[in-house]
Amino acid sequence: MEWLRGLFVEYSVIQAVVVLSLITAVGLVLGKVKILGISLGVTFVFFVGILGGHFGLAIDPQMLNYAESFGLIIFVYALGLQVGPGFFGSFRKGGMTLNMLALAVVFLGTLMTIVFHFVCGVSLADMTGILSGAVTNTPALGAAQQTLKQLHMEDTDPALGCAVAYPLGVIGVILAIVVVRKLFPCRSMNAGENENKAHAPFIVGFQVCNPGIFGKTVKETALLAYHKFVISRLWRDGKVTIPTSDTVLREGDRLLVITSEADVNKLTMLFGEQEHVDWNKDDIDWNAIDSQLISQRILVTRSEINGKRLGSLRLRNHFGINITRIYRAGVELLATPELVLQLGDKLTVVGEANAILNVEKVLGNKVLSLKEPNLVAVFIGIVLGLFLGTVPFIIPGISYPVKLGIAGGPIIVGILMGAFGPRLHMITYTTRSANLMLRGLGLSMYLACLGLDAGTHFFETVFRAEGLLWLGLGFAITFVPVVVVAALALKFMKIDFGSVAGMLCGSMSNPMALNYANAVTPGDNPSVAYATVYPLIMFIRVIIAQLILMLFL
């Protein structure tokens, strides 16, 4: 049985893989168990790691550091790739507001840290460690440790306070999100969904009865509308056609229009009369509406199309077809000419059968070619992200240069690759399942290593005389700012729950809470909001950890 003991105790590559895999597997199984209707999911891997470390499980320190760092890098880079396409658009729509709210979380927690230092008598170094653990920000802890070395205070280590506060820092944000959902049920569960629905593609029928557009072309009519719409079909004298921009509208024409639900009333005034037919039902057989045209979804799989604007392909002019909607990452988009196409987009094409076959040749429509992710872009992006993370930023008044580190650099490059890669004709596409696999693998490795590292001295630290005090202070720093800012955002600023939850997770550097927010919220709003605030907030956290020690020690 000596070989079995060596498999779990003696340091080796095999031992490290076995221990981390075992911790991850047990954590993922237990994470599915619901307590009071709440399951922690992948977060439970962290707590299983703490128990393993407490009972003597350990791996080679260098191997532990490597696996922890590499897991975090994979997770944040894959997250950046996922949210990149919608990142800058969301920033224009409300990203500045989200960043201001996230900064409010940061500064409120920092103020509480300083107040607790003076009121409770906890040393500033320990309070900085507690703050780092409460907001689950290990780069801030590293910055604090470097600052203490520069101040010749190497005997004071804030890591102990960080280890004590970290577990409740993880679950504190999740508990705060649960409390917020209970306090604001209507807004949190329905408002964001209703807002997305109002701007999603909506199909409606109109009859041309407005004399102001009789004899005008579709292009001229569109200039009068100031609202985006696509005319899918035109019925005239018992025949159905696909209108072009030069088609002249006549009295009595029936139009099938794709627009947003919010613009229906305004387009009714433009065209004259809305038909009372529900064209948005899931069971509509579009190919049975008329015998001359068919509707088919075509997948973009040709790399030459990646990054091109829809209008530049001139598909309507060349083939006499119409593209009405585009599906991307589970989101339905209106097919406007300026929309930049990406690999994996699904285009709803209306036209004659022969024309659609020609469009298939242009776009690809070969599903098998997308099943293999482009790993070159993944690894090149990771290299660029780590390079950015090592670049020192000099802040006036602070002698120690600030770096984005292994978390900030890769997520920023991932966002940039996801957002601008298609525009530069770079193949950054990964299937949704592949992206989820990368994120899940990376986060599980990171949490297992983090738990093992913290578990060695965790319980003896918690049950020291001041341990419970540290625990309470850390939980207050986690919970209070999150609930206060969430109440402000939901009650007074009327921001949807998904975006608020993602913003809170990003402001607390908490990917585990983000995983929970994604599980209880439909759509990608939490991930987009997380990535919107994370780079700035992570950078600010690192600076503040140094400023607290430099200004108040």
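Computed from a predicted model, the values in this text were never measured in an experiment. (Residues numbered from 1 in each chain as written. Predicted model: local features only at pLDDT ≥ 70, side-chain atom pairs only at ≥ 80, totals over all residues. Heavy atoms only, no water.)

Regarding the confidence of the model for the protein
Looking at the protein as a whole, its pLDDT mean stands at 80, while 85% of the residues score no less than 70. At the low end of the mean pLDDT range in the protein sits helix α8 (residues 185-199), at 50; at the high end sits helix α17 (residues 467-492), at 91. With pLDDT under 50 throughout, residues 188-193 is counted as low confidence; its partners more than four residues away or in other chains account for 8 contacts. (pLDDT = per-residue confidence, 0-100. Helix = DSSP H or I, 4+ residues; strand = E, 2+ residues; numbered from the N terminus. Contact = heavy atoms within 4.5 Å.)

Overview of the pairing of strand β1 (residues 201-208)
Burial runs high along β1: 6 of the 8 residues are buried. Summarising the sheet, β1 and strand β4 (residues 254-260) pair through 7 bridges and their orientation is antiparallel. Looking across to β4, one finds that Gln207 is bridged to Arg254. For β1 and strand β5 (residues 272-274), the ladder comprises 3 bridges, and the chain directions are antiparallel. Counted as the bridge partner of Gln207 is Glu273 from β5. (Buried < 20%, exposed > 50% of the residue type's maximum accessible area, 1.4 Å probe, protein only. Pairing = 2+ DSSP bridges.)

Some words on the pairing of strand β9 (residues 346-351)
Burial of β9 is extensive: 5 of the 6 residues sit out of reach of the surface. Here 6 bridges tie strand β6 (residues 294-299) to β9, and the two strands are oriented antiparallel to one another. Across the sheet, residue Ser295 finds its bridge partner in β9, namely Val350.

Details of the packing of helix α3 (residues 44-54) against helix α7 (residues 159-183)
Running from amino to carboxyl end, α3 crosses α7 at an angle of 160 degrees, the nearest separation of the two axes being 11 Å. Between α3 and α7, the crossing angle belongs to the class labelled roughly antiparallel. For the pair α3 and α7, the crossing hand works out as left-handed. On the side of α3, the interface is formed by Phe46, Phe47 and Ile50, while α7 contributes Tyr166, Pro167, Val170 and Ile171. Here the contact of α3 with α7 is composed, by residue class, of 7 nonpolar, no polar and no charged. (Axes fitted to C-alpha atoms, helices over the stretch in contact; angles between N-to-C directions. Parallel < 35°, antiparallel > 145°, perpendicular 65-115°, else oblique. Left-handed = near helix turned anticlockwise from the far one by under 90°. Nonpolar A, V, L, I, M, F, W, Y, C, P; charged D, E, K, R; others polar.)

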